[in-house]
Amino acid sequence: MFRILTLNNISPLGLARLPADTFHVSDKEAEPDAILLRSFKMHDLRIAPTLKAVGRAGAGVNNIPVDAMTKRGIPVFNTPGANANAVKELVVAGMLLAARNIGPALHFADTLSGSDAEISKAVEDGKKDYAGFELPGRTLGVVGLGAIGRLVANAGVALGMQVVGFDPGLTVEGAWQLSSNVKKANSLEDLLRASDFVTIHVPLVDATRNLVNAERLALMKKGAVLLNFAREGIVDAGAVSGAIKSGRLHGYVCDFPMNQFKNDRRVIALPHLGASTAEAEDNCAVMVADQVRDFLEHGNIRNAVNFPDVASPREAAHRLVIANANVPNMLGQISEALGAAHLNIHDMVNRSRGDYAYTLVDLDDPVPPDVVGRLSSIPGVLMARLV
Ligand SMILES: NC(=O)c1ccc[n+]([C@@H]2O[C@H](COP(=O)([O-])OP(=O)(O)OC[C@H]3O[C@@H](n4cnc5c(N)ncnc54)[C@H](O)[C@@H]3O)[C@@H](O)[C@H]2O)c1
């Protein structure tokens with residue numbers, strides 16, 4: 001029986017992935033095998049020696065002491081891409097809101113007064129100010145072609161738009177998931193010059209802070225629309241206000257309200273709603289529960305932020321998993337300890353990532369507990385466990 005401690009409410013669809021005959025799930029478990037959480041701040045939490053995995057239903061892990069977990073050989077799982085569709089849909093909504101001037105138009109309609117006949121007349125007189133434009137044939141520039149950017153790019157193609165993308169770190173796997181109609185921009189600057197809509201889907205790191213600044217806004221087409229559903233700090237808000245005032249930007253649609261945008265109808269600032277759908281919450285919970293279960297039951301690692309992906313179907317009756325520092329002769333010492341116990345290695349998978357590595361060993365014969373103890377005592381081994 002595996003004991004799971006939940007530190008936040010986790011969607012029932014996710015918890016249903018942990019069968020009651022092998023998993024006991026509670027929000028009051030003193031000695032958990034795994035923790036599931038969303039935004040609970042784990043930094044001051046006492047870590048029980050029984051803990052083997054942490055699963056975050058969501059992407060960011062700054063509420064989790066990842067380094068401390070790594071030193072104990074505990075993978076921290078997250079759910080990249082589980083909320084991508086939710087964000088994509090809001091970006092599509094954002095393009096339509098800007099193209100059809102919905103913000104100013106709603107405001108205009110709200111301020112009408114008088115009899116219904118007077119309102120109808122005012123509508124007919126005033127509506128020309130809110131005439132918009134349609135999406136087919138317009139160019140959509142997608143900056144960052146990760147889980148969200150790819151879906152947005154493909155949606156743009158489906159809407160009949162010309163789509164250009166820029167992502168120097170695009171993976172082969174990612175490229176396979178992109179419509180062949182998405183064209184590659186050679187630089188961010190080229191993308192900005194070419195696009196009627198520019199949408200940002202990069203992480204906020206030092207290199208992307210103020211990525212969209214006054215200089216780059218000046219390259220954009222007159223009347224273009226900028227969308228930021230990534231992070232506030234990626235776009236220089238002051239420069240955006242300037243670009244709107246000068247008419248360079250037709251509108252700015254983002255997930256980050258700020259004082260300076262208040263009462264500017266050409267800015268639509270939503271209250272960080274990108275991932276706020278019931279489906280996104282369910283997807284995150286299902287994904288993280290599946291990953292944690294696979295790790296506890298089979299030692300497989302998928303989507304841990306601190307260890308490499310290592311997963312393999314069981315090739316033999318017994319499996320040993322080992323997390324260790326990525327230093328020379330670890331595999332030699334592990335093989336030697338198993339050989340000394342007359343254990344034949346049926347299959348072995350080892351991968352490293354940065355300073356750490358993870359090994360799955362399938363064996364034909366049962367592994368005596370003292371062998372696990374001996375492996376755990378090898379300097380550099382962070383965790384060894386039979387699964
Ligand atoms: N609004 C919300 O509620 C919400 C929800 C989820 C994610 N997000 C934000 O969206 C961002 C993107 O999410 P994702 O799931 O697509 O992430 P991801 O990691 O799958 O993709 C990010 C992509 O950006 C690329 N990239 C990094 N630096 C770049 C640069 N300078 N120029 C061009 N490309 C660059 C990377 O190579 C990667 O392909 C996240 O980092 C997060 O901050 C916001």
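To be clear, the structure that these remarks concern was listed above.
Residues numbered from 1 in each chain as written. Predicted model: local features only at pLDDT ≥ 70, side-chain atom pairs only at ≥ 80, totals over all residues. Heavy atoms only, no water.

K.L.:
Is there a simple way to think about the environment of Asn101 in this case?
P.N.:
By the secondary structure assignment, Asn101 is in the loop between helix H3 (84-99) and helix H4 (102-111). Its relative accessible area of 12% is what places Asn101 among the buried residues. Apart from residues no more than four positions distant in its own chain, Asn101 is found in contact with Tyr130, Ala131, Gly132 and His250. (Helix = DSSP H or I, 4+ residues; strand = E, 2+ residues; numbered from the N terminus. Buried < 20%, exposed > 50% of the residue type's maximum accessible area, 1.4 Å probe, protein only. Contact = heavy atoms within 4.5 Å.)

K.L.:
Looking at this model, I keep getting lost on the sheet that holds strand E16 (residues 381-386). Mind explaining?
P.N.:
Strand-to-strand pairing in sheets goes through backbone hydrogen bonds, with the strands running parallel or antiparallel. The 4 strands lie next to each other as E14-E15-E13-E16, forming an open sheet whose pairing is antiparallel. Bordering the open sheet on either side are strand E14 (345-353) and E16, each of which pairs with just one other strand. Sheet twist, expressed as the average angle between the axes of neighbouring strands with direction ignored, equals 10 degrees. Strand direction decides the pairing type here: strand E13 (residues 318-325) and strand E15 (residues 356-363), joined by 8 bridges, are antiparallel. Looking at E15, one finds that His318 is bridged to Leu363. (Pairing = 2+ DSSP bridges. Axes fitted to C-alpha atoms, helices over the stretch in contact; angles between N-to-C directions.)

K.L.:
Teacher, can you tell me more about the environment of Lys128 here?
P.N.:
Along the chain, Lys128 falls in the loop between helix H5 (116-126) and strand E6 (139-143). Spatially, the C-alpha atoms of Lys128 and Glu315 are 70 Å apart, while their sequence positions differ by 187 residues. There is a polar contact of 2.8 Å between the side chain of Lys128 and the backbone oxygen of Asp125. (Polar contact = N/O pair within 3.5 Å; in protein donor to acceptor, adjacent residues only side chain to side chain.)

K.L.:
Hey, could you run me through the sheet that holds strand E1 (residues 2-6) in this one?
P.N.:
Read across the sheet, 5 strands follow the order E2-E1-E3-E4-E5 without closing on themselves; strand pairing throughout is parallel. Of all strands in the sheet, those with a lone pairing partner are strand E2 (23-26) and strand E5 (76-77), marking the two edges.

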